Amino acid sequence: MKLNHTQETREAQVRLLYEQLPYALLATILNALILTAVLWRQVSGSLLVGWLLAILLVTGSRYASGRAYLRTPSANAESRRWGRHYLYGVASNGVLWGFGGFFFFTANSYVHQVFLAYVLMGMVSGAISTLAPVRGAYLVFLIPALFPYAARLLSAGSEVHLAMASMLFIYVTMMGMISHRLHTTVAESLRLRFDNLDLLHDLTKAKDRVERANEELAAQVAEKHSAQDALQKAYEELERRVKERTAELAKSEEALRIADRRKDEFLAMLSHELRNPLAPIRNALQLMHRPNVPDSLVKRSREIIDRQFDRLTRLVDDLLDVSRIVHGKISLQETVFEIATVVNQAVEGSSPFIEARHQELCVHVPEEPLWVKGDFVRLDQVISNLLNNAAKYSDTGRRIGLDVDASDQWITIRVQDSGVGIPKDALPYVFELFAQADHSLGRTHGGLGIGLTLVKRLVEMHGGRAEAHSEGPGHGSEFLVHLPRQKAPVTERYVSPGGAAVVSEEVLRVLVVDDNHDAVETLALLIRLEGHNVAVAFDGVNALAEAAKFQPQVVLLDIGMPGMDGYQVARELRAREPKRSMVILALTGYGQPEDRARAEAAGFTGHLTKPVPPELLFAALRAHSAER
């Protein structure tokens, strides 16, 4: 199959021009030097020197262009542009030689006239051979190089000069014919070259096809000798694959059924777990609404509401954490700290729940400092989840153990209990989302079955792994967390959050803005009870108007409001007070990292995620009061 090689031919022609360029340039310099030496006594020396310098300058630039072409990897792809640059150089050289032919013409010396004609025709002859790859390229040199000299011959007017002009015309005609033949020869050579390459490619492909055909024929001959055996083996293999596929489909169907069942069970559990705290909250509220309720009963009702509210918050936080981890939206705030620090904080946080169940917690941490790199808050959450699980699934008065061991590479945290244990068939799925061994309505332990999923995902984000072991129901459980061990850092060790709050007695002017009227009124009441002055607004427009009158020092601003949202309000408030002395805290349900970044860009001082514990809110007010 013949292909059109126009582009390849053009690239090859341009490359031939540049490959012959050094020889053409060398001939140009030598002829120029010889011509200058011969005509030195016949022509003005300054004119000869200027002309020779111009020849050397053009020759040098053409040489640099040729070197650039040969060194440029993409030169072939830009052959048109490089070809034009080459012809510009040829034309410049032709103009210089035409200049010499015109101005170096010695009217009184026929010998020097003939010598000049000899040199010019020699240059033209050389140019025809080097420019032959491109059709008509020789004219770019011939016309500017010879026509000025021919004009001098004709202007001289003598018979000898007219004869020389006629001979020059014959020479040009002959050179044109020769150039045409040379170009045809070069073009045909290139065509044959590419045709031969196509032929070689076709022969190679044909050879490959023949070899493949021979191999296929040999394989067919071999197959015919063992056709029966191969057919039998194929039949057996097909049967085996059918059985395997059937088993895989059965497993997939069973997995889908299990996943569907777990989804339904989880939705039922979610409804149950959310309604459980809502029922006592509603009952306590109804009780508090009754007249003549004793203060002790009101106090107990408030404690019930507070306790059940914390339970609801934990359920929602667990759900949000799982969603963020599954979708890769949690980023770790990593530092290097001692494992004992986070273990102590987790124990401190879980101790009230364990003590309330009259259980014994035995903690063993080596005295040797053991360092880990990770997110202190997330590892505290991991250990607290394991301790709370151990307490929840162990009877009253039972023992819970927390031990820390270390090897050269790993730190292992081991949490053991003597509680209900885990069935053998449930053990492989204990870290899966929504997995719980007991889904019955009469189960004694609450929860959504996502705590251990959080543990596993968070540990893996730290480069570690989590394990679960149990001998079965009634034999307790053991959970192990393996974390990479780090070398002791040169900086100071990590100090856990929760230091002493900054206390300030300053009375603040606080503006509360939220489109939820109940949220605004209850929050304003709490802040007033702390002794601060409070103004309220229920939308962005009224918030700006109230801020202009009230001149608040602190603004608690909801983000998701209809009409003018919290970002717009914050930007407008910042535009009104260029010193940025006002504290603007986002009080919102949007708690993702991108939400915090957007709030900071809009001018918020801080970001609090709903529901905000009152003690955290008051601590923030005290801290910002102290900063003022």
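Up top is the structure these notes are about.
Everything quoted here is computed from the prediction, not taken from an experiment.

Asks: I'd love a proper account of helix α4 (residues 110-130), names of residues and values included.
Replies: Here α4 contains 21 residues, and its C-alpha end-to-end distance of 30 Å stays within 8% of the 30 Å for a straight helix at 1.5 Å per residue. His-112, Gln-113, Leu-116, Ala-117, Val-119, Leu-120, Met-123, Val-124, Ala-127, Ile-128 and Thr-130 are the residues of α4 that are buried.

Asks: Could you give an account of the sheet that holds strand β7 (residues 477-484), with specific residues and numbers?
Replies: Taken in spatial order, the 5 strands make up an open sheet running β2-β4-β5-β7-β6, and their pairing is mixed. Of all strands in the sheet, those bounded by a partner on one side alone are β2 (360-364) and β6 (465-469). On average, adjacent strands in this sheet sit at an angle of 15° to one another, irrespective of strand direction. Note that β6 and β7 share 5 bridges and pair antiparallel. Among the inter-strand pairings, Glu-467 is bridged to a residue of β7, identified as Leu-480. Along the sheet face, helix α11 (residues 451-461) touches β6 and β7 and points at about 20° away from the line of β7.

Asks: Could you give me a rundown of helix α15 (residues 593-602), with the residues and numbers involved?
Replies: Of the positions making up α15, those classed as buried are Asp-595, Ala-599 and Ala-602. Relative to the axis of α15, the buried residues are bounded by an arc of 60° and lie together on one face. Exposed residues lying more than 90 degrees from the buried face of α15 are Glu-600 and Ala-601. In this structure, the buried residues of α15 make contact with α14 (566-576) and β12 (606-609). Gly-603 occupies a position one or two residues after α15 and carries a positive phi of about 115°.

The rules behind each value
Residues numbered from 1 in each chain as written. Predicted model: local features only at pLDDT ≥ 70, side-chain atom pairs only at ≥ 80, totals over all residues. Heavy atoms only, no water. Helix = DSSP H or I, 4+ residues; strand = E, 2+ residues; numbered from the N terminus. Expected span 1.5 Å × (residues − 1). Buried < 20%, exposed > 50% of the residue type's maximum accessible area, 1.4 Å probe, protein only. Pairing = 2+ DSSP bridges. Axes fitted to C-alpha atoms, helices over the stretch in contact; angles between N-to-C directions. Contact = heavy atoms within 4.5 Å. Arc of directions from axis to C-beta.

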